[in-house]
Amino acid sequence: MKKVATVGFGFMGRMHFGAWKKARGAKVTAICDSNLAQLKTAKAGNQAGTDTTTDFPGIEIFDDFDAMIQSGGFDIVDITLPTPLHPSTCQKALAAGYHVLCEKPMALTLKECDAMLAAAKKAPGQFLIAQCLRFWPEYVYIKQLIDSGRFGQVKAGDFSRFAAAPGWNNNGNSWFLDESKSGGVVFDLHIHDADMVNYLFGMPETVSSRAHVRADGLTDHLSTIYGFANKVITSNVSWAMPATYLFGSEAKVVFDDAVAVMNSKAKQPLTIYPAKGKPFEPKLQKATGYEAEVLYFLSLINGTVKSQILTPDDARSSIQLVCAERRSATTNRIVTLAKR
Ligand SMILES: NC(=O)c1ccc[n+]([C@@H]2O[C@H](COP(=O)([O-])OP(=O)(O)OC[C@H]3O[C@@H](n4cnc5c(N)ncnc54)[C@H](O)[C@@H]3O)[C@@H](O)[C@H]2O)c1
């Protein structure tokens, strides 16, 4: 049984807590949040399904990360802290010998990503950045369609995510709304689709992006065309929706002989429209993306992983991609991605 210490018990801390509860072979034995009132507040975010527990019998409670690390007695540190704390806490937990799962985005700079990778290289534990879309049932199916070649080659793809600016933790003053902390919509929300583009098609040669920046400096909309040979891949992301608009994501992948259409707001979120035959709604994996990602991390730790889905280097590449998109939007130029 692997013992898990979760640090940062806001929206995603609760989401991970629920996923760990369902994972056979692991249990949360410690929780840390600098604001202990969070433990009594069942918080919602942009996804349904957060755990609403407010009583934690048998779980050690900390309000200080360093004190929790020193106390020990667990195997895994699960980091669901605000983004600026990802680099330092990952490095500390890795250096202390723990397996570390950390929420996306990995960090806001490549320098920080590289320091995290260097710490992981020296450490005995496993390290994973929770790019959850790679484990999301609809995207798992789309990846299988691409890899199998069932409907031929991909000609085009379009990926989008639209939401109001995050307001679940704020009272009007959220860290998400400070570009220097969250990276704005580009690093916080678009990282999901950037990582999916990276996962499905590899890194593009170029990016051409345009952004809308609010008067207070927060980037709240970005559109990108990715430069690939023989296929057209685009994405749009927004935090500019009114608060009445509920979060939604869409993906369309156009093959030679079919199109796969994902719409998170639809009753059946994935439909395949083949060139021949009737549209169909494929049977998808039952586990949510968050549950499947936790199970994948456990399989890395237990040495039972079946196929490689995500590495810390992949997460770093996706940060490289969003850095290039931000540079393209800022300079109004096409940016060529440096090969590593
Ligand atoms: N994968 C996804 O779908 C997804 C969705 C939302 C957010 N996220 C990511 O998850 C991370 C957390 O986001 P969130 O929405 O849960 O934020 P949040 O603000 O709701 O929660 C953060 C928690 O960390 C606590 N905290 C802050 N500083 C601390 C410290 N020094 N020590 C201990 N606790 C501290 C806060 O009190 C709060 O409870 C972010 O990096 C965000 O980008 C991922």
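Residues numbered from 1 in each chain as written. Predicted model: local features only at pLDDT ≥ 70, side-chain atom pairs only at ≥ 80, totals over all residues. Heavy atoms only, no water.

*Asks:* Tell me about the overall build of the chain, and please be specific about residues and values.
*Replies:* Within the chain one finds 10 helices and 14 strands. Whereas a compact globule of 340 residues would reach a radius of gyration of roughly 20 Å, the chain reaches 20 Å, a difference of no more than 12%. Taking the principal axes of its C-alpha atoms as reference, the chain extends roughly 60 × 45 × 45 Å. For the chain, with 340 residues in total, the buried portion stands at 53%. Long-range contacts, defined here as pairs at least 24 residues apart, represent 71% of the contacts in the chain between residues at least 6 apart. Of the roughly 15300 Å² of accessible surface on the chain, 51% is carried by carbon and sulfur atoms. (Helix = DSSP H or I, 4+ residues; strand = E, 2+ residues; numbered from the N terminus. Rg over C-alpha atoms; globule rule 2.2 N^0.38 Å. Buried < 20%, exposed > 50% of the residue type's maximum accessible area, 1.4 Å probe, protein only. Contact = heavy atoms within 4.5 Å. Areas by Shrake-Rupley, 256 points an atom, 1.4 Å probe, with all protein chains shown as cover.)

*Asks:* Account for the side chain of Gln320, with residues named and values stated.
*Replies:* Tracing the backbone through its elements, the reader meets Gln320 in helix α10 (residues 312–331). If we ignore the near neighbours within four places in the chain, the residues touching Gln320 are Leu110, Met203, Leu337 and Ala338.

*Asks:* Quick rundown of helix α9 (residues 289–302)? Include the residues and the values.
*Replies:* Taking 1.5 Å per residue as the helical rise, α9 with its 14 residues ought to reach 20 Å, and the 20 Å between its terminal C-alpha atoms agrees with that figure. Most of α9 is tucked away: 12 of the 14 residues are buried. Within the span of α9, buried status applies to Gly289, Tyr290, Glu291, Ala292, Glu293, Val294, Tyr296, Phe297, Leu298, Ser299, Leu300 and Ile301. Gly303, located one to two residues past α9, shows a positive phi value of around 70 degrees. (Expected span 1.5 Å × (residues − 1).)

*Asks:* An account of the packing of helix α4 (residues 110–122) against α10 is requested, with residue identities and associated values reported.
*Replies:* Where α4 meets α10, the axes come as close as 10 Å, and the angle between the chain directions of the two elements is 175 degrees. One way to sum up the angle between α4 and α10 is to call them roughly antiparallel. Residues Leu110, Cys113, Asp114 and Leu117 of α4 lie in contact with α10, whose contacting residues are Pro312, Asp313, Arg316, Ile319, Gln320 and Cys323. Broken down by class, the residue content of the contact of α4 with α10 amounts to 6 nonpolar, 1 polar and 3 charged. (Axes fitted to C-alpha atoms, helices over the stretch in contact; angles between N-to-C directions. Parallel < 35°, antiparallel > 145°, perpendicular 65-115°, else oblique. Nonpolar A, V, L, I, M, F, W, Y, C, P; charged D, E, K, R; others polar.)

*Asks:* Provide a residue-level description of the pairing of strand β4 (residues 76–79), including the pertinent values.
*Replies:* Going residue by residue along β4, you find Ile76 and Asp78 tucked away on one face and Val77 and Ile79 tucked away on the opposite face as well. With 4 bridges joining them, strand β1 (residues 2–7) and β4 adopt parallel strand pairing. By the bridge assignment for β4, Ala5 is matched with Val77. Both β4 and strand β5 (residues 99–103) contribute to a ladder of 4 bridges, which runs parallel. Its bridge partner lying in β5, Ile76 is registered against His99. Crossover connection from β4 via helix α3 (residues 86–95) to parallel β5: handedness right-handed. (Pairing = 2+ DSSP bridges. Right-handed = clockwise from strand over helix to strand, strands pointing away.)

*Asks:* Can you lay out the packing of aromatic side chains for me, pointing to particular residues and giving the numbers?
*Replies:* Counting across every chain of the model gives 11 aromatic pairs. Relative to Phe17, the ring of Phe9 has its centre 5.5 Å away and its plane inclined at 80 degrees; by these criteria the two rings are edge-to-face. On the accessibility criterion, Phe17 (5% relative accessible area) is buried. Geometrically, the ring pair formed by Trp136 and Tyr290 is edge-to-face, given 5.1 Å between the ring centres and 90 degrees between the ring planes. Taken as a pair, Trp136 in the loop between β6 (127–130) and α5 (137–148) and Tyr290 in helix α9 lie far apart in primary sequence, 154 residues in all. The class of Tyr290 is buried, set by a relative accessible area of 9%. Here the aromatic residues Phe9, Phe17 and Phe56 are joined through ring pairs into a cluster of three or more. (Phe/Tyr/Trp six-rings, centres within 6.5 Å; stacked < 30°, edge-to-face > 60°.)

*Asks:* If you had to explain the packing of helix α1 (residues 11–22) against α9 to someone new, which residues and values would you point to?
*Replies:* Contact pair α1 / α9: the axes reach a minimum separation of 9 Å and the direction vectors enclose 65 degrees. Two packed elements cross with a definite hand, and for α1 against α9 that hand is right-handed. Here Met12, Met15, His16, Ala19, Trp20 and Lys22 of α1 lie close against α9, whose contacting residues are Tyr290, Glu291, Glu293, Val294, Phe297 and Leu298. Taken together, the residues that form the contact of α1 with α9 break down as 8 nonpolar, 1 polar and 3 charged. (Left-handed = near helix turned anticlockwise from the far one by under 90°.)

*Asks:* Account for the pattern of salt bridges, naming residues and giving values.
*Replies:* Taken as a whole, this structure holds 12 salt bridges when the rule is applied. Glu291 serves as the salt-bridge partner of Lys22, at 3.1 Å between the closest nitrogen and oxygen. One end of the pair, Lys22, is in helix α1; the other, Glu291, is in helix α9, and 269 residues separate them in sequence. On the basis of relative accessible area, Glu291 is assigned to the buried category, the value being 16%. In this structure, Asp114 and Arg316 form a salt bridge, with 2.9 Å as the shortest nitrogen-oxygen distance. In this pair, Asp114 sits in helix α4 while Arg316 sits in helix α10, placing the two residues 202 residues apart along the sequence. Note on Asp114: relative accessible area 29%, which makes it partly exposed. (Salt bridge = Lys/Arg side-chain N within 4 Å of Asp/Glu carboxyl O.)

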